[in-house]
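# Fold and contact review
The chain contents come next:
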Amino acid sequence: MALNVLVVDDSRVMRQMILRSLRVCGVPIQDVYEASNGEEGLRLVTDNWVDLALVDINMPVMTGEEMLDRLRQNPLTSDLKVIVVSTESSEVRVERLRAKGASFLHKPFTPEELRDVVIRVTGVCLELPNEDFALPDGSPSF
Amino acid sequence: MLPAPPRADEGPPRDPQTVVVSFSGPCSGDLSLTVSRELMPSLAASILGSDDTPTESEQLDALGEIANIVCGNVLPEAFAEDEPFLLSAPRPVTAVARGDGGLELAAEARLWLDEGRADLALYLAPGA
């Protein structure tokens, strides 16, 4: 089963990095949606079928945590699988996000760490890694 | 792009570009990251994994994201606080304005890379 993925981050470079990491690891992806804040993300979730949302916390207009709250309040989106991808290091805040049904991935992350969280959250089976997306030597992890 | 040994004879980044992330919470201040502009294309390309030359917008975005990640990881380590910090979006500035807004320089770090040098500075509000 290929996933319809939504990536919500105010950094376009980080959105591309997340999508590239998913592809490097062979996560099967069908449709990709990108949003630069929580409000745009909510609109995309409402208008499209999304299997997995990867969401930053600190964003303008609407934060990732507020987006998560709104998703959980809507019966149509309350079960959406959400992975928060953030530099957040406060255990208090991370636990609060987990209590709202989100998984958490700390930046910087390696593609393998992202893959493991995605598998755990979605149960998706991996495709063979695509060599076209192989990481060059010396690439930083995010 | 790889880490390199310190080069004592190397001065500050030439033709510098600086991005600043402001933070508030247990304490408030700014974290700045400065690199030479000639370093920015390869920095962004290595993050994006692309052979194409990143646009100027992508280069600034990549630099800001690095500053954001450094800031988000340094603050809890530096202050051993579990209360969340709130980080602003990274913003480009033309020059590091030390002491702006009454902030005081609290720490500096330098990272040598094979293609240039990156300078980090942490500014805190007085009394932090």
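Provided above is the structure to which this section pertains.
These remarks concern the structure in this document. Please read all numbers here as calculations on a predicted model, not as lab measurements.

Turning our eyes to something else, we now look at the nonpolar core. By size, the foremost hydrophobic cluster in this structure holds 47 residues, and its most contacted members are A:Ile18, A:Leu22, A:Leu54, A:Ile83, A:Val118 and B:Phe23. Discounting chain neighbours no more than four positions away, the residues touching A:Ile83 are A:Leu52, A:Ala53, A:Leu54, A:Val55, A:Ser103, A:Leu105, A:Val117, A:Val118 and A:Val121. Membership of the second largest hydrophobic core comes to 22 residues, among which are A:Val8, A:Ile57, A:Val84 and A:Ala102.

Here the focus is helix H1 (residues 12-24) of chain A. Side chains of residues three or four places apart in an α-helix project in the same direction, reflecting 3.6 residues per turn. Residue and element names in this part refer to chain A. Taking 1.5 Å of rise per residue, 13 residues should cover 18 Å, and H1 covers 18 Å from first to last C-alpha, within 8% of that figure. Within H1, 10 of the 13 residues are buried, leaving the element largely enclosed by the surrounding structure. Taken together, the buried positions of H1 are occupied by Val13, Met14, Arg15, Met17, Ile18, Leu19, Arg20, Ser21, Leu22 and Val24. Looking one or two residues beyond H1, the residue adopting positive phi is Gly26, at roughly 80°.

Below, the discussion takes up the pairing of strand E5 (residues 102-106) of chain A. All names here are of chain A. Across the 5 residues that make up E5, a large majority, 4, are buried. Across 5 bridges, the pairing between strand E4 (residues 81-86) and E5 is parallel. Bridged to Ser86 within E5 is His106. Read as a crossover between parallel neighbours, the route from E4 over helix H4 (residues 91-99) to E5 is right-handed.

Procedures and definitions
- Residues numbered from 1 in each chain as written.
- Chains lettered and ligands numbered in written order.
- Predicted model: local features only at pLDDT ≥ 70, side-chain atom pairs only at ≥ 80, totals over all residues.
- Heavy atoms only, no water.
- Core = buried A, V, L, I, M, F, W, Y, C linked by side-chain atoms within 4.5 Å.
- Buried < 20%, exposed > 50% of the residue type's maximum accessible area, 1.4 Å probe, protein only.
- Contact = heavy atoms within 4.5 Å.
- Helix = DSSP H or I, 4+ residues; strand = E, 2+ residues; numbered from the N terminus.
- Expected span 1.5 Å × (residues − 1).
- Pairing = 2+ DSSP bridges.
- Right-handed = clockwise from strand over helix to strand, strands pointing away.

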